[in-house]
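Structural overview for review
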6 protein chains.
Amino acid sequence: MQTISPITEQLIDLAIAEDLCAGDFTTDAIFDDSACSRGRLIAKKDMVLCGQHIFRCVVDKIQARCFGNFTPVSLHFSFQDGQFAQNGATLAEFFGATQVLLKAERTALNLLQHMSGVATHTRAIVNILGKKTRLTTTRKTLPGMRELQHYAVQCGGGHSHRFNLGSGVMIKDNHIAAAGSIERAVKLARKFAPHTLRVEVEVSNLHDVDAALQAGADIIMLDNMPSDAMAEACRRIQKRALVEISGNMTIQTAEQIRHINVYCVSCGALTHSSHAADISMQFTGI
Amino acid sequence: MQTISPITEQLIDLAIAEDLCAGDFTTDAIFDDSACSRGRLIAKKDMVLCGQHIFRCVVDKIQARCFGNFTPVSLHFSFQDGQFAQNGATLAEFFGATQVLLKAERTALNLLQHMSGVATHTRAIVNILGKKTRLTTTRKTLPGMRELQHYAVQCGGGHSHRFNLGSGVMIKDNHIAAAGSIERAVKLARKFAPHTLRVEVEVSNLHDVDAALQAGADIIMLDNMPSDAMAEACRRIQKRALVEISGNMTIQTAEQIRHINVYCVSCGALTHSSHAADISMQFTGI
Amino acid sequence: MQTISPITEQLIDLAIAEDLCAGDFTTDAIFDDSACSRGRLIAKKDMVLCGQHIFRCVVDKIQARCFGNFTPVSLHFSFQDGQFAQNGATLAEFFGATQVLLKAERTALNLLQHMSGVATHTRAIVNILGKKTRLTTTRKTLPGMRELQHYAVQCGGGHSHRFNLGSGVMIKDNHIAAAGSIERAVKLARKFAPHTLRVEVEVSNLHDVDAALQAGADIIMLDNMPSDAMAEACRRIQKRALVEISGNMTIQTAEQIRHINVYCVSCGALTHSSHAADISMQFTGI
Amino acid sequence: MQTISPITEQLIDLAIAEDLCAGDFTTDAIFDDSACSRGRLIAKKDMVLCGQHIFRCVVDKIQARCFGNFTPVSLHFSFQDGQFAQNGATLAEFFGATQVLLKAERTALNLLQHMSGVATHTRAIVNILGKKTRLTTTRKTLPGMRELQHYAVQCGGGHSHRFNLGSGVMIKDNHIAAAGSIERAVKLARKFAPHTLRVEVEVSNLHDVDAALQAGADIIMLDNMPSDAMAEACRRIQKRALVEISGNMTIQTAEQIRHINVYCVSCGALTHSSHAADISMQFTGI
Amino acid sequence: MQTISPITEQLIDLAIAEDLCAGDFTTDAIFDDSACSRGRLIAKKDMVLCGQHIFRCVVDKIQARCFGNFTPVSLHFSFQDGQFAQNGATLAEFFGATQVLLKAERTALNLLQHMSGVATHTRAIVNILGKKTRLTTTRKTLPGMRELQHYAVQCGGGHSHRFNLGSGVMIKDNHIAAAGSIERAVKLARKFAPHTLRVEVEVSNLHDVDAALQAGADIIMLDNMPSDAMAEACRRIQKRALVEISGNMTIQTAEQIRHINVYCVSCGALTHSSHAADISMQFTGI
Amino acid sequence: MQTISPITEQLIDLAIAEDLCAGDFTTDAIFDDSACSRGRLIAKKDMVLCGQHIFRCVVDKIQARCFGNFTPVSLHFSFQDGQFAQNGATLAEFFGATQVLLKAERTALNLLQHMSGVATHTRAIVNILGKKTRLTTTRKTLPGMRELQHYAVQCGGGHSHRFNLGSGVMIKDNHIAAAGSIERAVKLARKFAPHTLRVEVEVSNLHDVDAALQAGADIIMLDNMPSDAMAEACRRIQKRALVEISGNMTIQTAEQIRHINVYCVSCGALTHSSHAADISMQFTGI
C-alpha cells in the first residue's frame, strides 16, 4: 500500500499552488460548472507506469478546491504501478467535471510522467544487471521528491538506499580524513549511531578496502574504481561485508560491470537525469 | 536581482526536511563543533552554471539550523549564473564549519546540478535556433520548481512562457470543442480575461490557422505540424499574430525547424528531461 | 466553477486559527454534542451576494474539526453569487450541529459580508459606467485576499486586472526614469517578458501618451489626468492601444468620466475601501 | 513593543506570495542589481498613522528574498504609530535597492494604508465619545488580520474586546434559549470557563437586564436598544456590572449615544468597513 | 463537542511526519494492500481515558495517506473521555486495513497514552481536593499540546486557567517591580486590557495581599506561601477576590492544603510531569 | 553541533503561536520598549542540563517578532548540555529587553525543563546499567518532539534507537503472524528494505529466539521476558546477533537486569514519562 508522507503532500500542494494561484481564465471563460468530459491517458512511448496514486491525489485535490460541481472524477487505470505499457496503450480512462480535469491536467501529468520516466529508466538498467545485483537509489534526488522517486525506482525493480542522512551511516573520505583513519571513523560512528543502522565505508582503492574490512565495516562501497580493482576488492571482501559499486552508472557502464558479483549498484542518474515518460491526456468527448 | 518566492523557499525547506529530519549520525559522530573545512566546487563536464543563489540559500539555512559554531560559511563563485564553464573549472571556493558543509552538501548540489543542467540544455538549443527565434519554457515543470526552472531557462538564454494558468490565455482543442468554434472560444476568453493578457490559440492544421487569425488571436501556436505546413502557416499569418511552434522539441528537431521564421519555440524537455550537470564538491583541507 | 487556491485556503485556516485557537468556553459550557439548530441568513440591506462557497468552506472546515456529532450542516443558498438581494431577503437556510454553527458563525460571516460588500460596491460603479467600459481591480487588495476580492469584483460585474506582479507588464514612472525613456523601457520589458503578456505604460500627460504610442505599448493607462486631457489622449490613441483610466475612482468620479470612451477603468477602492454588507445569521430554533 | 504573532507573519507571507509568486518581469527587465533609490511616504489625506513595523517587516522580508544586492533598505518614520499626520506630511524617508523597493511597495502599502485607515476611523469616533467611554473592537475582523486590526484600533485610541472565542465568555440569545434562562446560562458558563475570564451577557430589553443582573453577569451588553431604554438599563445596573453598548455604531450614532454613561461601546465597522488611508510612495531619485 | 484547533492539527501532522517521512519498510515488505486486522485497545493499568477523538484523527489521517485500500477503519470506544477504566478493560475495538493500523499505531497511542496520563493524574488530585476547590492548569505545558492538555485536565475533573498570554491578565513580581507598586501595576493593566479579562495578582506575603486587595485585584494568587500565611490571607480577602494557590503542587501537597478554603489550586505538574497511561494495542486476528 | 530540523522548528513555532497569538496585555501594559532586565536561570533541583540551544532559539524568535527594541538578548550558559548541575546552581545569565524576556520565558522554560528532565531521567538509569550496556530511546515519544527527546537521551548518556519507521526494520508479532513464520518475515523484510538497515526481530520466548537466529536476524529484542529466560536467550545467541531488552523499563527494573549481559536496553519511559526538571528564571534587576 503506497503511503503519501506529509512532505510529499506539501510538495503536491506547492505544485498546485504554483500553477493555480492566479486562477485559470481560459477554462473559467469557456466551461460552465455542469460540463463533464470523458477521456484517456495514452502512452506515447513504451514505458513502465508509475505514480497513479499521485495522479489521483492531484485530481482529488483539485476537485476538492472546486465548488459548484460535486460529481467526483472517476478514474480507472488499466495497469499497475511497475507494469510495462507499450507505446499506444490506454493507461487509464476517466470521466468527470471538465473544469477539474483541465485544471488538474498539467500538474497531474507532470508528476505521472516524471515518476514513470524514473521507473522506465530503472527497469532498463535492472534488466541489464539481472536479479543477482540490486540497483539502488542515491540521495541525488530532486527537491521534495525523495519519497516519490524512491517509489518509482522500486516500481522499476530497484531498491532504496539510505533514505536520508539519518537512515544509514556512510563514511566518506572527508570523515576518514577528519577521524585520522578508517578504523577510528568506523569506531566513532558505531559508538554514536543507533544499533539499527549498518555502517558503510566508501573506498577508492584496495588499501582502503583492507582497512574497511579490518575496521569491521558492514558495507563497503567501491567508488569509481577500475573494473579489475573492483574484481580484486570483491575477492578480498568475500562475505565479510556487502559490496556496493558506485560512480556515474549509466546503461552503458551497467553493461560493463554486470559480470562483477556485487550486492548492489547505486545510481544517481535514476533520480537526477531520467527523461519524462511521454503520456497524453486525450478527451474523447466533452 | 534574483528573488526567491515563498513557494521556492518552501520547496527548499522540504528538501532540507527530507534529508535532515532524522539527524546525521555519521557527521555528528566524527566532527566536533569547531571543525572547519575549505574546498571547491568543480565542474566535471562543460556546463552553463545556474543556481548559485539557491546553493547559497541552502548553505545559509543549514548554518542557521546549527548551533555551536557561528562562523558563517564563506562562499565565492567565480562564474555568474548563465556563464559557460569548462570541464575542470573551479566554480566556487568555500570555507566554513565542516558540519554545516557536510549536512548541506547533497541538498545544495542537487539543486545547483539540476538548474545548471537545465541551463546547459537550454543553451544548446538556443545556440541552434539563433537570436531571431525565442526558445521558451512550458508548464511541463517539476513540482514546486517552476520558478527555479524558469530562471534556469533564462540563464541558458531562453524565455518564460506563461508562468501559470493565470498568467496567460491559452485556448486548446478541448476549449475549442466546448465553445463550438475558435471564434467563439476567443471571444469568450477575451471577454472574461484581464486585458493585460494576450490570447493564444493552439492549432494543428491550416484551416484552424485561418480561423484563429479570423478570431483575432494574439498568438497562434502550431502544435506538431509538419515542416511545410508550418511554413505555409507563417506565410498566412505574417505580422497579424505571433507564431509559436511546439511539439517534442529536441536538439535534433531544433535543427530541422531553425530555418522557419517564427517568434518562438516552446520546449517541454528543457524542464522535464534535462540531465543534471556534473558538479563535485571537493574538500581541500579539514 | 469557483476554485479555492492554496493561498485562499491558508487564509481561511488563519481566520479559523485566530478565532478558535483557544477554545470556545461559552458554547462548550452550554450545548451538548447532540444539539442541532435551524436558521437563516438574512440580508439587512440591499446587496449583491458573493462568497457562498467560502461560507460553506468555513462551515465544512469547522465541522471537520468537531468530533462527536457527524450530522453534516445542510446549507442552501437562495441566490447565486452575483445576484442582487433586497434588504430583508432570506439569503440561505441551514440546519446542523449547534456547536459547529456557533463556532463557524463569525468567521464565515466576516468573509461573506466582506465579499458581498465588494461585489455590491462594484455593481454600483458598473451600473454607472455601463457596458461599454470595463471596471477592473488593482493590486490594492487586502493581504491574502486577492483571489477572493477579484472574484467578488467579477460577481459585481467588474473584471480582473493583472493578478500579480507576474501576470502583466506595467511600466510606471520609476521604470521610465531608470530606463531613460518610455521607448527604452518598453523595449527592455518586451525583450524580457513572456510573449503572453501585454505591455502597459502608465502616463500622466499627453507628451507621454505620444511616447507610449511610439514605443508600441499595448495598453496606455491615463493616471489622474484631467477630463479634457483624457479625451484628447483617447483621440490620439484611437485603436492603437487599449486605454485605461486610473486614479482615486469613486462613485462620484465614475459619474464624471462615464462619457469618456475608454476600454477600462481601474479602481483600488473596490478592494481597499468597501463596506461590509450587513448580513445576519438568525437561529429559528435550537 | 509591538509583537508580530505567527499568524500575522503567515498572513504577511501569503500577501507576498500572492503578489510575487510568478516573478516581476517589469522590474527585472529594467533594473540591475546595483540600482538604488531614495524616496518618501507621503500622506495624501489627514490620518492617524499605524503599521510602520508591518511596513518595515514586508520590506525586510522582500530584501531577504532578493539576492545580488545586500545593501539593507534604510527606512525612517517621522511619526509614531498613533500620531496624527496632516495631508501632505512626509511620513517616512527611505533609501535602498530599487528592486526591493518596487517589489515590496504594493504589499507594504496595502497593509500600512489599511491599518492607518482603521486607526483614523477609530480616532474619529473616540474623539466623539470622549475619555469616559471606551471604544472597543469586535470579532468582526478581516480574515487573518485580527492582531493587526486590534493594534490599529488601539493606536486610534480604542481598546480590544475579547480577542477570540477563548478570551472571554459572551452569552448571546442562542445560548440563553438553549440553556433555558439567563441564570442557567451564566451558571453553566461560570462553572466551565476559566476564572480569569469575565462573563458577559447580551441583552436587548430591560427584562433581560434584570435577569442578567440577577444572574451575576460581570458585563451586560445592550444590543441595539433604543436610547431611553439604554438610559434606564444603566440606571438599574449602576456599578453592579460593566455596561457595553453595541449595534451598528457609526460616527453618526456615536454622536447620539455619547451622553449615555456606559463603560464601553463596541463597533464592528472599525474593522470591517474602514476606508484605507491614502499614502503615496514617491521616489525622489533612482 | 471536542474541537481540534489548527495548531493541534499541525501538531498531529508533525507527529505523523516525524514517524512516517521515510516510509515503513517492515510493514510494506510483509503486508499487501488487502490485509485487514481486528483488535483491541487494552488498559494495562487503572486510568481515566482521554483523547479518543485524537486517536481517531490520527488513524483517519493515516488512512487518507494510504492508497490501495479504501475500507475505512472502524473504531469503537467503550468508554467516554473522562471515564475511569480498570486495568485490563477493553477500551476500544477496531477493524481495518493492517497497513493503516500498523503505521498509525505508535503515533495514535503516544497521544492517547499521554492524554489519559494527564487525565488520570488530574483525577487523583481532584479526588483529594474535593468539589469545593477547583484544580486548574498552568501555562507549563508541552510545546504545541496546550489544547490537548487543557482538554485532558478537564476530562480529569480539572479546569482551564488562562489559555495563553492573551486570555488573562496576570501580574507577577517583575511587573510589580517595574510599575513601582501593585496598585500602579493593576491600574495600568486595567486601563490597557480588554474588559472581558479579570486581573490577577501573584503575591507571596501578607503585605502584598493587602496591597492587591487595595488595588482591586479580581484574583489573588498565593504563591508558595506557608500554610498558616495562606489561611490568614484567605481570612483577609474573604469574598473581595478569588483566591488561587500555586507552587509545586503534587498529590502530597494537595493533601496538606485541602482544608484551606480557596477558589482554586493551579498545578504545573499535571501538564509537565504526568506519566503516560499504559495502553496496549492488541491484534486478535490478521 | 546540534541541528534544529524543520519539524522541530515548526514545533517551536506552534509553541510560540499557542502562547502568544492573542497578545500579552499584562506585559504590554506595564513595560515600555526601552525596558531591559538582567537575570539568571537557577536549578531548583539536581539535574542534567539539556536544551540550551532550544532555549536560545525561542528567545531569538521572540526577539525577532518584537519591534521597537533592537538590543539582542545576551544569554550565557555556565554548563554544557549533558553536564550535571546541582540544586541552586546558576545555569545561565541573561540581559535583554524585558518584553522579549517575559514573552519568551514560559515557552523557553517549558522546553528546557522538559529536555533537562529527560536527560536527568536517562542519566539515572545509565548510571545503573553502567558502560557495558547501551540505554536507548523508543518511538514512544511526545508528538513533534522526537528530535528533541532523542537529543536529550543522548545528553543523558543514552543512545538513539531507530528514529522513525523508515530508519530500521523491526519485525513484531503481527508481522510474524502475517508472514507465517519468523523466517519468512525476515526474508521478506531483507528483500525489500535498504541494505543500510539492520533487521530486528521482537521475541518473547526461547523458541522464537531460536527461530530468529535461524532466520539470520541482526538484532533480537527480548520483550518482557523473565530474567532467567533472558539469560538463557543471551547464552543461545552469543555473538550471532545483538541482544536488546525491552518492556516497562524503570529505575527499579534496571537494577534487576543490570547483571544480564546484553547490547542494549530500550526504555519508553524516558520520553513518555519523565518529570520536568525544575528551573527558575529570576530577574535580578529591571
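Residues numbered from 1 in each chain as written. Chains lettered and ligands numbered in written order. Predicted model: local features only at pLDDT ≥ 70, side-chain atom pairs only at ≥ 80, totals over all residues. Heavy atoms only, no water.

Some words on the pattern of salt bridges
Across all of its chains, the model carries 78 salt bridges over all chains by this definition. The partner of Arg 40 of chain D in a salt bridge is Glu 93 of chain D, with the nearest N and O atoms 3.9 Å apart. Of this pair, Arg 40 of chain D sits in strand 2 (residues 36-43) while Glu 93 of chain D is found in strand 7 (residues 90-97), placing the two residues 53 residues apart along the sequence. One salt bridge in this structure joins Arg 198 of chain D and Asp 218 of chain E, with 3.7 Å as the shortest N-O distance. One end of the pair, Arg 198 of chain D, is in the loop between helix 7 (182-192) and strand 10 (199-203); the other, Asp 218 of chain E, is in the loop between helix 8 (206-215) and strand 11 (219-223), on a second chain. (Salt bridge = Lys/Arg side-chain N within 4 Å of Asp/Glu carboxyl O. Helix = DSSP H or I, 4+ residues; strand = E, 2+ residues; numbered from the N terminus.)

Focus on the sheet that holds strand 2 (residues 36-43) of chain A
Residue and element names in this part refer to chain A. Strand order in the open sheet formed by 4 strands is 5-7-2-14, and the pairing between neighbours is antiparallel. Each having just a single partner strand, strand 5 (74-77) and strand 14 (279-285) make up the two edges of the open sheet. Across this sheet, the average inter-strand angle for adjacent strands is 20°, counted without regard to direction. Across 6 bridges, strand 2 lies against strand 14 in antiparallel orientation. In the sheet register, Ala 43 faces strand 14, and the bridge partner there is Ile 279. (Pairing = 2+ DSSP bridges. Axes fitted to C-alpha atoms, helices over the stretch in contact; angles between N-to-C directions.)

Side note on the environment of Ile 257 of chain B
All names here are of chain B. Within the secondary structure layout, Ile 257 lies in helix 10 (residues 251-257). For the pair formed by Ile 257 and Val 201, sequence separation is 56 residues and the distance between their alpha carbons is 20 Å. In contact with Ile 257, other than residues within four places in its own chain, are Leu 129, Met 230, Met 249 and Val 265. (Contact = heavy atoms within 4.5 Å.)

Considering the interface of chain F and chain E
Taken together, the contacts link 64 residues of chain F with 64 residues of chain E. At the boundary of chain F with chain E, total buried surface from both sides reaches about 5400 Å², with 64% on carbon and sulfur atoms. By the criterion of area lost to chain E, the three top residues of chain F are Glu 18, Phe 25 and Leu 165 of chain F, representing 14% of everything that side buries. Linking chain F with chain E are 4 salt bridges, by the criterion used here. Here Asp 19 of chain E ties to Arg 146 of chain F by a salt bridge, and the two come within 2.5 Å at their closest N and O atoms. Across the chain F-chain E interface, the total number found is 25 residue pairs in polar contact (both at pLDDT 80 or more). Elements with a minimum of two residues in the side of chain F that touches chain E: helix 1 (6-20), helix 2 (25-30), helix 4 (98-129), helix 5 (146-155), strand 9 (169-171), helix 6 (173-179) and helix 7 (182-192) of chain F. (Buried area = accessible area lost by both parts, 1.4 Å probe. Polar contact = N/O pair within 3.5 Å; in protein donor to acceptor, adjacent residues only side chain to side chain.)

Looking at helix 4 (residues 98-129) of chain C
Residues lying three or four places apart along an α-helix face the same way, a consequence of the helix completing one turn every 3.6 residues. Residues and elements named next belong to chain C. Over its 32 residues, helix 4 runs 45 Å from end to end, which matches the ideal 46 Å to within 8%, given 1.5 Å per residue. The buried fraction of helix 4 amounts to 28 of the 32 residues, a majority that puts the element mostly inside the structure. Where helix 4 terminates, the next one or two residues include Gly 130, which has phi positive at roughly 80°. (Expected span 1.5 Å × (residues − 1). Buried < 20%, exposed > 50% of the residue type's maximum accessible area, 1.4 Å probe, protein only.)

Things to note about the side chain of Arg 162 of chain A
Tracing the chain through its elements places Arg 162 of chain A in the loop between helix 5 (146-155) and strand 9 (169-171). One polar contact links the side chain of Arg 162 of chain A to the main-chain carbonyl oxygen of Gly 168 of chain A, over a distance of 3.3 Å. With residues near it in sequence (within four places) discarded, Arg 162 of chain A still touches Arg 139, His 150, Ser 167, Gly 168, Val 169 and Met 170 of chain A, Thr 26 of chain B together with Thr 196 of chain F.

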